[in-house]
Amino acid sequence: SELPPEVYSRDNIDFFVKFVWFMYVNALSTAPVVVVGFYGTVVETFEDIDVASVHVHGINLLFILLDLCLSRMPIQILHFPWAGTFDVVYIIFTGIYFAAGGTDIDGNPYIYTALDYGNSPAGAFGFALLLSLPPFIVHIIM
C-alpha cells in the first residue's frame, strides 16, 4: 500500500522538519536544566541515586550532548523563545495536576517536593519560575 502523494508534499515535509527542529531545541535546552534540577533538589544523598534516575536523567543528557556534537542541526540564537516551551508547559501542568488532586507514586499531593503547592504555594511558584528561565539561558550559550 502506497501513501497518497499529498503526504510527500513540500508543506508536509516542511512541517515535519520544523517539528523535529522544535523538539530538538527543547530537548537540548531542557536536558541540562532537568539534570541539575533533579539532582540538586530531589536527590538528597548519594544513596538516593538509583539506576532508573541515572538512565532517565543522566544518560538522556549524555545522548543530547552527543547528538549536539555529531549532528548538523542548525541552532540559532534567535530561536531561544522556543527553548523553554516544554518547561513552561510542564510548570502549568504541575499546577493543574496539584489542583486536580493528583498524587505521586507514594500518595503525596505533589510531583516533586520542591513543587508542593499545598505546603508552600509561594515557594513552589518561585521554584517553578526559577526552573522556567534556565532553558533560555542554556540555549543562548549553546
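The structure under discussion appears in the preceding block.
All figures in this text were calculated on a predicted structure; none of them were measured in a lab.

Draft legend 1. Broad picture of the overall build of the protein chain. Helix and strand counts for the protein chain come out as 5 helices and 0 strands. For the protein chain, the succession of helices and strands along the chain, N to C, is α-α-α-α-α. Its C-alpha radius of gyration of 18 Å places the protein chain more than 25% over the 14 Å reference for a compact globule of 142 residues. The buried share of the protein chain, reckoned over its 142 residues, is 27%.

Draft legend 2. Representation of a negative patch on the surface within the structure. Taken together, the side chains of Glu44, Glu47, Asp48 and Asp50 present a region of like negative charge at the surface. Mapping aspartate 50 onto the fold places it in the loop between α1 (10-42) and α2 (51-70). The exposure class assigned to aspartate 50 is partly exposed, which follows from its relative accessible area of 43%.

Draft legend 3. Structural detail: the layout of surface pockets. Put simply, the largest pocket is a space of about 360 Å³. Around the largest pocket, the lining is made up of 16 residues, and of these Val33, Val34, Tyr90, Tyr112 and Leu131 lie nearest the centre. Secondary structure elements with two or more residues in the lining of the largest pocket: α1, α3 (85-99) and α4 (121-132). Residue classes in the lining of the largest pocket are distributed as 11 nonpolar, 4 polar and 1 charged. Of the pockets and cavities examined, the second largest pocket occupies roughly 220 Å³. Class assignment for the residues of the lining of the second largest pocket results in 5 nonpolar, 3 polar and 3 charged.

Draft legend 4. Structural view of the side chain of aspartate 116. Topologically, aspartate 116 is positioned in the loop between α3 and α4. Comment: no salt bridge for buried aspartate 116; closest opposite-charge side chain is lysine 18, at 41 Å. There is a polar contact of 2.8 Å between the side chain of aspartate 116 and the side chain of asparagine 119. Those residues in contact with aspartate 116, other than ones at most four positions away along the chain, are Tyr110, Pro121 and Ala124.

Draft legend 5. Geometry of α4. A rise of 1.5 Å per residue sets the reference length of α4, with its 12 residues, at 16 Å; its end C-alpha atoms lie 16 Å apart and thus fit the reference within 8%. What α4 keeps buried is the set Ala124, Phe127, Ala128, Leu131 and Ser132. Buried positions in α4, seen along its axis, are confined to an arc of 140° and lie on one side of it. Along α4, exposed side chains directed more than 90 degrees from the buried face belong to Ala122 and Leu130.

Draft legend 6. Local environment of the packing of aromatic side chains. As enumerated under the stated definition, the model contains 7 aromatic pairs in all. Residues phenylalanine 15 and phenylalanine 19 carry aromatic rings whose centres are separated by 6.3 Å and whose planes lie at 20° to one another, so their mutual orientation is stacked. Here phenylalanine 15 and its partner phenylalanine 19 are both found in helix α1, 4 residues apart, which amounts to about one turn of the helix. Arranged with centres 5.8 Å apart and planes meeting at 45°, the rings of phenylalanine 98 and tyrosine 117 form a pair that is tilted. Here phenylalanine 98 is found in helix α3, whereas its partner tyrosine 117 is found in the loop between α3 and α4, with 19 residues between them in sequence.

Cut-offs applied
Residues numbered from 1 in each chain as written. Predicted model: local features only at pLDDT ≥ 70, side-chain atom pairs only at ≥ 80, totals over all residues. Heavy atoms only, no water. Helix = DSSP H or I, 4+ residues; strand = E, 2+ residues; numbered from the N terminus. Rg over C-alpha atoms; globule rule 2.2 N^0.38 Å. Buried < 20%, exposed > 50% of the residue type's maximum accessible area, 1.4 Å probe, protein only. Patch = residues over 30% accessible without salt bridge, like charges linked within 9 Å, V, L, I, M, F, W, Y side chains within 5 Å. Areas by Shrake-Rupley, 256 points an atom, 1.4 Å probe, with all protein chains shown as cover. Salt bridge = Lys/Arg side-chain N within 4 Å of Asp/Glu carboxyl O. Lys, Arg positive; Asp, Glu negative; His and termini not counted. Charge placed at Lys NZ, Arg CZ, Asp CG, Glu CD. 1 Å grid on protein atoms, 1.4 Å probe; cavity = no way out; pocket = protein on both sides within 12 Å on 5 of 7 lines; lining within 4 Å. Points joined across faces, edges and corners; volume = space filled by probe spheres on them. Nonpolar A, V, L, I, M, F, W, Y, C, P; charged D, E, K, R; others polar. Polar contact = N/O pair within 3.5 Å; in protein donor to acceptor, adjacent residues only side chain to side chain. Contact = heavy atoms within 4.5 Å. Expected span 1.5 Å × (residues − 1). Arc of directions from axis to C-beta. Phe/Tyr/Trp six-rings, centres within 6.5 Å; stacked < 30°, edge-to-face > 60°.

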